Amino acid sequence: MVGELEFERPIVQLRNKIAELKEFTKTADVDLTSEIEKLESRLEKLEKDIYDNIKPWDRVQIARHPNRPTTLDYIANLFDGFFECHGDRTFGDDEAIVGGVAKFRGLPVTVIGHQRGKDTKENIRRNFGMPHPEGYRKALRLMKQADKFKRPIICFIDTKGAYPGKAAEERGQSEAIARNLFEMAGLKVPVICIVIGEGGSGGALALGVGNRMYMLENSTYSVISPEGAAAILWKDSSLSKKAAESMKITAPDLKELGIIDDIIPEIKGGAHKNVLGQSETIDIFLKKSLKELLELSEEELIVDRYNKFRTIGEYSFLKDFISI
């Protein structure tokens, strides 16, 4: 079946077998009801065993699924009256990042997110979801506008990383990312960030400084891709599966480490199986978060964001190594 992943093959094969038997019973004078029921029971157990024990590399594959919902898919299902804004007022419009104004349950909000394509033509147009510096500057322009008009900001993160090309570096890629980190830390409105696919390196972090940080169950968030880490650590990118298991890049790992606030459950098999159903689950988290954050003052929002990042990780103060 098109779109199914390697670890799902046993499920696909069993589903096909059941479909064949059902089709056979329509044309042959044979009662296979009991056999079909046994296979369906076996399928239910197999799905539970596989989907309840998804490995890190399997989650990477789900996060990269070509049919996985994008920012624009969620915007269409979660918000009303989305008005997209274009350009950074400096160089141009980067379609790897989309953003604009919309309403969430009647509340005006600013929505920003990485946007990849669904086919080759669109991926080329959107640079495979890898933004140039003008994309981050467009995002920052919209954030400052939201800050001015007191609109909460909702960011959808889904990128392999910022575009590493020469032209992007010449136009200030590193500065644009650093500027976003600095400015987002001081925004006086609620900022909610959701990793919906891949969250790669600084390209993801440039939209990830928020009061609340969520990840879809099968998304990833890391400083480098498993392939890149394997190439650096073991000089062999084919060991990416091993790297994915040791890097702690999945939502359950990052929740345990305190990097994210919570995990948004996914439709069994991945968000691409039911975009509307997945949107409804995200809706619940957005509603709850906005209710909590809108009760905070501007100063409290900044302190809340500061404390969130201040408490990530563990460290010790080694005074013996400091000369007085």
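Use the structure listed above.
Now for a look at the structure at hand. Predicted, not measured: the structure shown is a model, and the values here were computed from it. (Residues numbered from 1 in each chain as written. Predicted model: local features only at pLDDT ≥ 70, side-chain atom pairs only at ≥ 80, totals over all residues. Heavy atoms only, no water.)

Right, let's talk about the packing of helix 3 (residues 56-63) against helix 11 (residues 240-247) for a bit. With their axes 8 Å apart at the nearest point, helix 3 and helix 11 run at an angle of 100° to one another. One finds that helix 3 runs roughly perpendicular with respect to helix 11. Along the contact surface, helix 3 presents P56, W57 and V60, while helix 11 presents S240, K241, A244 and E245. When its residues are assigned to classes, the contact of helix 3 with helix 11 shows 4 nonpolar, 1 polar and 2 charged. (Axes fitted to C-alpha atoms, helices over the stretch in contact; angles between N-to-C directions. Helix = DSSP H or I, 4+ residues; strand = E, 2+ residues; numbered from the N terminus. Parallel < 35°, antiparallel > 145°, perpendicular 65-115°, else oblique. Contact = heavy atoms within 4.5 Å. Nonpolar A, V, L, I, M, F, W, Y, C, P; charged D, E, K, R; others polar.)

Let us look at the nonpolar core. Ranked by size, the top nonpolar core spans 30 residues in total, and within it I112, M143, I153, C155 and L207 carry the most contacts. At the level of secondary structure, the elements contributing two or more residues to this core comprise helix 6 (133-148), strand 4 (153-159), helix 8 (173-185), strand 5 (191-200), strand 6 (212-216) and helix 12 (251-257). Not counting chain neighbours up to four residues away, the residues in contact with M143 comprise I112, I153, C155, M184, L187, A206 and L207. Ranked by size, the runner-up nonpolar core spans 23 residues in total, among them F79, A102, L216 and L301. (Core = buried A, V, L, I, M, F, W, Y, C linked by side-chain atoms within 4.5 Å. Buried < 20%, exposed > 50% of the residue type's maximum accessible area, 1.4 Å probe, protein only.)

Turning our attention to helix 6. End to end, helix 6 covers 23 Å across 16 residues, agreeing with the expected 22 Å (1.5 Å per residue, within 8%). Counting buried positions over the 16 residues of helix 6 gives 12, a clear majority of the element. Restricting attention to buried positions, one finds in helix 6 the residues P133, E134, G135, Y136, K138, A139, L140, R141, L142, M143, A146 and D147. Along its buried surface, helix 6 packs onto strand 2 (97-104), strand 3 (107-114), strand 4, helix 7 (166-170), helix 8 and helix 9 (201-205). K150 sits one or two positions beyond helix 6 and adopts a positive phi of about 60°. (Expected span 1.5 Å × (residues − 1).)

Glancing now at the environment of K188. As for its placement among the helices and strands, K188 is situated in the loop between helix 8 and strand 5. Between the C-alpha atoms of K188 and A243, which are 55 residues apart in sequence, the distance is 38 Å. If sequence neighbours within four positions are ignored, K188 has contacts with D147, E298, L301 and I302.

Turning our attention to the packing of aromatic side chains. Under the definition given, this model contains 5 aromatic pairs. Pairing F79 with F104 gives two aromatic rings, centres 5.8 Å apart and planes at 55°, and the pair type is tilted. Residue F79 is found in the loop between helix 4 (71-78) and strand 1 (80-84), and its partner F104 is found in strand 2; the two are separated by 25 residues along the sequence. In this structure, F79 and F104 share a single accessibility class: buried. Measuring from ring centre to ring centre gives 6.4 Å for F79 and F156, while their planes differ by 75°; the resulting arrangement is edge-to-face. Of the two residues, F79 is situated in the loop between helix 4 and strand 1 and F156 in strand 4; the sequence distance between them amounts to 77 residues. (Phe/Tyr/Trp six-rings, centres within 6.5 Å; stacked < 30°, edge-to-face > 60°.)

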